[in-house]
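The lines below spell out each chain.
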Amino acid sequence: MRKIQMVDLKSQYEKIKPEVDKGIQEVIDNCAFINGPAVHGFQADMEKYLDVKHVIPCANGTDALQVAMMALGLKPGDEVITVSFTFIATAEVIALLGFTPVLVDVDPETFNISIESLKKAITPKTKAIVPVHLFGQCADMEAIMEIAKEHNLFVIEDTCQAIGADYIFKDGTKKKAGTIGHIGCTSFFPSKNLGCYGDGGAIFTNDDELDKQMKVVVNHGMVVRYYHDFIGVNSRLDSIQAAILKVKLQHLDDYAKARNYAANYYNTAFANHSKIKTPVTAKNSTHVFHQYTLVLNNVDRAALINHMTAKEIPAMIYYPVPLHMQKAYIDTRYKAGDFPVTEDLCASVISLPMHSELDDEQLKYITDSLLEFVNQ
Ligand SMILES: *Cc1c(COP(=O)(O)O)cnc(C)c1O
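Please read these numbers as outputs of a predicted model, since none were measured by experiment.

**What about the overall build of the chain?**
In step 1: In terms of regular secondary structure, the chain is built from 12 helices and 14 strands.
In step 2: A compact globule built from 376 residues would reach a C-alpha radius of gyration of about 21 Å, and the chain, at 21 Å, matches this within 12%.
In step 3: Dimensions of the chain, computed from C-alpha atoms along their principal axes, come out at roughly 70 × 55 × 45 Å.
In step 4: Considering the chain as a whole, with its 376 residues, one finds that 56% of them fall into the buried category.

**Digging into the sheet that holds strand β1 (residues 54–58)**
In step 1: Pairing is mixed across the open sheet formed by 7 strands, whose spatial order is β1-β9-β8-β5-β4-β2-β3. Only two strands of the sheet have a single neighbouring strand rather than two, namely β1 and β3 (100–104). Recorded for the sheet is a direction-independent mean angle of 25° between the axes of neighbouring strands.
In step 2: Where strand β8 (residues 183–187) lies against strand β9 (residues 201–205), 4 bridges are found, and the strand directions are antiparallel. For G184, the partnering residue across the bridge sits in β9 and is F204.
In step 3: Across the sheet, helix α3 (residues 61–70) is in contact with β1, β2 (79–83), β4 (126–130), β5 (154–158), β8 and β9; its angle to β8 comes to roughly 160°.
In step 4: Of the strands in this sheet, β1, β8 and β9 touch helix α7 (residues 208–217), which is tilted by about 20° from β1.

**Some words on the environment of G164**
In step 1: Turning to its location among the elements, G164 is positioned in the loop between β5 and β6 (166–168).
In step 2: Assessed through its relative accessible area of 10%, G164 is described here as buried.
In step 3: Between the alpha carbons of G164 and Q137 there is a distance of 9.5 Å; along the sequence they are 27 residues apart.
In step 4: Look past the residues within four positions of G164 in its chain and what remains in contact with it is Y49, K176, L252 and V288.

**Overview of the site of the ligand**
In step 1: If you check the shell around the ligand, you find 13 residues, and the closest are G61, T62, D158, S187 and K192.
In step 2: Within the backbone of G61, a nitrogen or oxygen atom sits 2.8 Å from an oxygen atom of the ligand.
In step 3: Contacts to the ligand include Q161, whose side-chain N or O atom sits 2.9 Å from an oxygen atom.
In step 4: Expressed as a share of its isolated accessible area of 380 Å², the protein-covered part of the ligand is 92%.
In step 5: Assessed atom by atom at 2 Å from the grid points, the ligand resides in the largest pocket.
In step 6: Elements that contribute at least two residues to the shell around the ligand include exactly α3 and α4 (89–96).
In step 7: For the shell around the ligand, a count of residues per class yields 4 nonpolar, 7 polar and 2 charged.

Each value, and the rule that gives it
- Residues numbered from 1 in each chain as written.
- Predicted model: local features only at pLDDT ≥ 70, side-chain atom pairs only at ≥ 80, totals over all residues.
- Heavy atoms only, no water.
- Helix = DSSP H or I, 4+ residues; strand = E, 2+ residues; numbered from the N terminus.
- Rg over C-alpha atoms; globule rule 2.2 N^0.38 Å.
- Buried < 20%, exposed > 50% of the residue type's maximum accessible area, 1.4 Å probe, protein only.
- Pairing = 2+ DSSP bridges.
- Axes fitted to C-alpha atoms, helices over the stretch in contact; angles between N-to-C directions.
- Contact = heavy atoms within 4.5 Å.
- Near = heavy atom within 4 Å.
- Polar contact = N/O pair within 3.5 Å; in protein donor to acceptor, adjacent residues only side chain to side chain.
- Areas by Shrake-Rupley, 256 points an atom, 1.4 Å probe, with all protein chains shown as cover.
- 1 Å grid on protein atoms, 1.4 Å probe; cavity = no way out; pocket = protein on both sides within 12 Å on 5 of 7 lines; lining within 4 Å.
- Sits in = over half its atoms within 2 Å of the grid points.
- Nonpolar A, V, L, I, M, F, W, Y, C, P; charged D, E, K, R; others polar.

Structure, rendered in structure tokens:
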């Protein structure tokens, strides 16, 4: 059996090696390392894939969120709502820019932003909402957009974990995750569903004005060459990474299918188990399983991880600490118990290996090993 990894980038690369190597070699041959044809080519392919007007490539997912936030014209002290159950980057950029991150709880079924909790958090200072499409499926965007419209708020989708997922509207129509709000942000970190071989990110929008502003922000606030009208940043996707992404984008839907195959295998093995709750797919989204995350009930999680580790099966906790309990973000506004769903999840979730290269032999070994511990 091949060694089991959380993400198996090597096996995936071996299948696309000729295409990837050719793309990288072309960049080196024409020496267009910054904003070269590979970047523009990937940008155009991504716009087409997402059916979105503008894609702005940038250096990483955190920058994507920061640039989006910088383009909105917010003032220090303005409030931006996001969830306490996410990767830190989502709240980090809000705090870094001097805005106030307002945290809310998540839904226990989908792990995405709780609409009830969101409604309660809105104040006259609220300017934006950042829903996170956690683990690979979309938050309830229709409800979020309705609330945003009512209160005149911007919506920035953090779609770092859900690139390629479809949001399904009540009338059955679909749109790609990240193209429903005013701005969508994604990451091409190697382990993401569409990952490059280093750092990368992108911002999406259908709004021409926001597009114009964000293109200025990523380029030092420069409108005319060497004339800087705004304080910006330097955030670029490099050409070699773009060449790799251009190849991998063609396989993204197949990768999602392979991830769904693995998820179904896990779901079947753990079905109706009293101690294991398998992931719930929301009605309003397809799932691209960035993570396959179980909720354990009455299982010693640390001992389970030791058991899996002894069997050379990696298992991870995403995320062990809610944002409102992180040292750097401890805030007099929040205390333990404020976000019970998030806090319960942090104490009881476990994520299993999930990638496009898992085979039946590996899946059987993982599920057998987990059940062996849980059923003992
Ligand atoms: C990965 C991730 C980010 C940050 O992306 P980087 O490219 O690592 O900066 C932000 N938000 C979420 C939800 C993520 O999973």
